[in-house]
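# Observations on the model geometry
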Amino acid sequence: MVSLNKSFFYGIGFASITWAVSLYLYWQLTQTLSIRPSPTSSSIQAVSQSSRIDAARENDEMHEAPYIKGGTYVNSPQLVKKLQPLRKSKLQSKNAQVLDELGMVKTVEDQRVRDEGFKLHAFNVLISNKLSLHRELPDTRNKLCKDVIYPAHLPAASVIVCFYNEHFMTLLRTIHSILGRTPGQLLTEIVLVDDFSDISDLNINLTNYMNNNSGLKEKVMLFKTQRREGLIRARMFGAQRATGKVLIFLDSHIEVNVDWIQPLLARVYNNRSNVAIPVIDIINADTFAYTPSPLVRGGFNWGLHFKWENLPTGTIAKPIDLVNPIKSPTMAGGLFAIDRNYFMEIGQYDAGMDIWGGENLEISFRIWMCGGRLDIVPCSRVGHVFRRRRPYGDPDGKDTMLRNSLRVAHVWMDAYKDYFIKERPDASNVNFGDVSERVQLRKRLKCYDFNWYIKNVYPELTLPTDSEVRLKNKWSALEQDKFQPWHTRKRNYVDHYKLRLSNTSYCAQSTKDSKSKGSTLYLKLCTPSKNQIWFETDKGELVLQQLLCLQSGPTYPYLFKCHEMGGNQEWKHKGESKTPIYNMAAGMCLGVDQIHLGAKVRMKLCTDPSLNMWDLVS
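The present account deals with the structure reproduced in this document. (Residues numbered from 1 in each chain as written. Predicted model: local features only at pLDDT ≥ 70, side-chain atom pairs only at ≥ 80, totals over all residues. Heavy atoms only, no water.)

### Considering unusual backbone geometry
One non-glycine residue, aspartate 259, adopts positive backbone phi at about 50°. Within the secondary structure layout, aspartate 259 lies in the loop between strand S5 (254–256) and helix H9 (261–270). A positive phi angle, near 65°, is found at asparagine 503, a position not held by glycine. Mapped onto the secondary structure, asparagine 503 falls in the loop between strand S13 (493–501) and strand S14 (506–510). By relative accessible area, which is 71% here, asparagine 503 ends up exposed. (Helix = DSSP H or I, 4+ residues; strand = E, 2+ residues; numbered from the N terminus. Buried < 20%, exposed > 50% of the residue type's maximum accessible area, 1.4 Å probe, protein only.)

Right, here's the structure in full:
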């Protein structure tokens, strides 16, 4: 029998302990890398910070989109290849993959549809045409909202949707979204108002669709105005035909989220003079990706432009504050719920206003000054397509925003209207029409003056006459972020490399220096130069020398200020070598027409047989 000495057993024991410790440390390391909390995973989400509510590229009836900007980024400890990304839910990953496929421009016809859609509707109709009318949406509410119990007998609502030249499939998705996510007993009807659209066959196609879908005919009513009235009078037209106890006004390019209507109805049910506003989530106009908005409130400046702003300090002090109503001085205007009789009693809208603009501030001032209340309801979420621009205006080319704002100022703002006129000296020669009827309405309702509104509703509003001390006090009353200029903002970089055209020695380089916005790309010999180094962020951005982002254009990609909203600055690839580089917003890939020194990099069809591949070279 073979004898074994003690040293052999000691060696076996030491090796076993070493392996056990090593495995434990490896397990801890992998847990640390994989369980990186997402920004919305905690019960109390970050909800303020001024850097989150900068202007999006949009100027339609919903004004700027509230969005989260870059103050929350932190740099990685070091740049590493293929750093494990933030964990996403299965639904988010599934939706992203679906949108990638739907947005790809595969043919010249696809490109024509996409380009014409942007011209007419200011969003990507190529994706909207292919996207399901019943798509799943991420539940963007705080998790506490699921535990809220609402009254058993809430009033039913009429949902009023006015449209002018709306994209057909996007309008259908709006309708099906409301029908599919609203309990039947809480929905009296959907009132569609076609404001004399001049897109051929839009009304006919909608009528035929409704006639061929019996489920729609029971709940959906379609009306058409006899002439172009504009958003303001079209809403009054719809309200006069609605029969529900509560009116809910929605835009025609929205998707409601889960349990969206109960919080709004409960707020109105609690007090008939309460006006309830949902949190407006963002549907990206380029990609139709649905993302949550932070909790912000409505304000305005002395040019009478609506703005999103941070909540007053201390508004979100404990978890329950994330489900409680949030006082808002103004509303964005497109989406709100109001008792039908109360809406009529306080004067509906100002029928003397034209087309669009200013009506949201007018009704906000009137609600507050005449005894009502305006609140954002965090547990109600509605996604809205924030378009690149407002695709329509006054048929006669008039500045309806300025004219309507003058009516607001002269009826509701008393001596404070001088601040507006000083801000807009061009307003002095504008005919704003007869406002005597609205002045009489204010007297009949025994409304407070505008000074009361500022002191009691919006004390944080800065006045042109404020001293430096008073300005500082007002600014400190709102949640603030440390300001970070866009070009020095910290970002989470996950990789860095050169973009080398496969099977060549040419790399993509800016035609100008890396600080020049608008600079396009061309092929240069690959060198160790910094102006060929691209830094990839966890948002899929490609940042040249950590300064400017690569942005897709209709023909050529170019460098531009990083807006951190994805879309035309979000790029995707498959790996380190021989990969296409795809932009989801454009639906196209990077390439060149001919391979030679100095060739311009352009956007090309990803299905092009001659599409160029790229190597990501460290």
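Still more ground to cover, so stick around.
### Examining helix H11 (residues 359–369)
The buried fraction of H11 amounts to 11 of the 11 residues, a majority that puts the element mostly inside the structure. Among all positions in H11, only Glu359, Asn360, Leu361, Glu362, Ile363, Ser364, Phe365, Arg366, Ile367, Trp368 and Met369 are buried. With its phi angle positive at about 100°, glycine 371 sits one or two positions after the end of H11.

### Things to note about empty space enclosed by the protein
Applying the stated criterion to the full structure yields 5 cavities of 30 Å³ or more. The calculated volume of the second largest cavity comes to roughly 60 Å³. Along the walls of the second largest cavity sit 10 residues, with Val279, Ile280, Val296, Trp308 and Ile376 positioned nearest its centre. Looking at the lining of the second largest cavity element by element, the count peaks at 4 residues for strand S6 (residues 274–284). Grouping the constituent residues of the lining of the second largest cavity by class yields 10 nonpolar, no polar and no charged. (1 Å grid on protein atoms, 1.4 Å probe; cavity = no way out; pocket = protein on both sides within 12 Å on 5 of 7 lines; lining within 4 Å. Points joined across faces, edges and corners; volume = space filled by probe spheres on them. Nonpolar A, V, L, I, M, F, W, Y, C, P; charged D, E, K, R; others polar.)

### Digging into the packing of aromatic side chains
Remark: the centre distance and the inter-plane angle together describe each pair of aromatic rings, the angle taken between the planes. In the structure shown here, the tally under the stated rule is 21 aromatic pairs. Both rings, one in phenylalanine 306 and one in tryptophan 308, keep their centres 5.0 Å apart while their planes meet at 85°; by these two values the pair is edge-to-face. There is no split in this pair, since phenylalanine 306 and tryptophan 308 are both buried. When the centroid spacing of 5.9 Å and the interplanar angle of 70° are considered together, the rings of tyrosine 416 and tyrosine 419 count as edge-to-face. Residue tyrosine 416 is classed as buried on the basis of its relative accessible area of 16%. Put simply, the rings of Phe300, Trp302, Phe365, Tyr416, Tyr419, Phe450, Tyr453 and Tyr458 pair up and form one aromatic cluster. Directly above the ring of tryptophan 368 sits lysine 327, whose terminal nitrogen or CZ lies 5.7 Å from the centroid. Across the ring face of tyrosine 556, the terminal group of lysine 600 is positioned such that the distance to the ring centre comes to 4.2 Å. (Phe/Tyr/Trp six-rings, centres within 6.5 Å; stacked < 30°, edge-to-face > 60°. Lys NZ or Arg CZ within 6 Å of the ring centre and 35° of its normal.)

### A short note on the state of the cysteines
This model, assessed by the stated rule, comprises 5 disulfides. In this model, cysteine 370 is linked to cysteine 447 through a disulfide, with the two sulfur atoms separated by 1.9 Å. Every disulfide takes its handedness from the sign of the S-S torsion; for cysteine 370 and cysteine 447 that torsion is 95°, giving right-handed. Pair noted here: cysteine 370 is in the loop between H11 and strand S12 (373–386) and cysteine 447 is in the loop between helix H14 (436–444) and helix H15 (450–456), with a separation of 77 residues, a long-range link. Take cysteine 370 and cysteine 447: they sit in the same class, and that class is buried. A sulfur-sulfur distance of 2.1 Å marks the disulfide that ties cysteine 549 to cysteine 562. Because the torsion about its S-S bond is 105°, the bridge between cysteine 549 and cysteine 562 counts as right-handed. Of this pair, cysteine 549 sits in strand S18 (residues 548–551) while cysteine 562 sits in the loop between strand S19 (558–560) and strand S20 (571–572); the two residues are 13 residues apart in sequence, bridging distant segments of the chain. An identical accessibility class is assigned to cysteine 549 and cysteine 562; each is buried. Disulfide connectivity for the protein chain, with bonded cysteines indexed by sequence position, reads 1-3, 2-4, 5-6, 7-8, 9-10. (Disulfide = S-S within 2.5 Å.)

### A few points about the side chain of arginine 297
Secondary-structure assignment places arginine 297 in strand S8 (residues 297–300). Polar side-chain contacts of arginine 297 include one of 2.8 Å to the side chain of glutamate 309. (Polar contact = N/O pair within 3.5 Å; in protein donor to acceptor, adjacent residues only side chain to side chain.)

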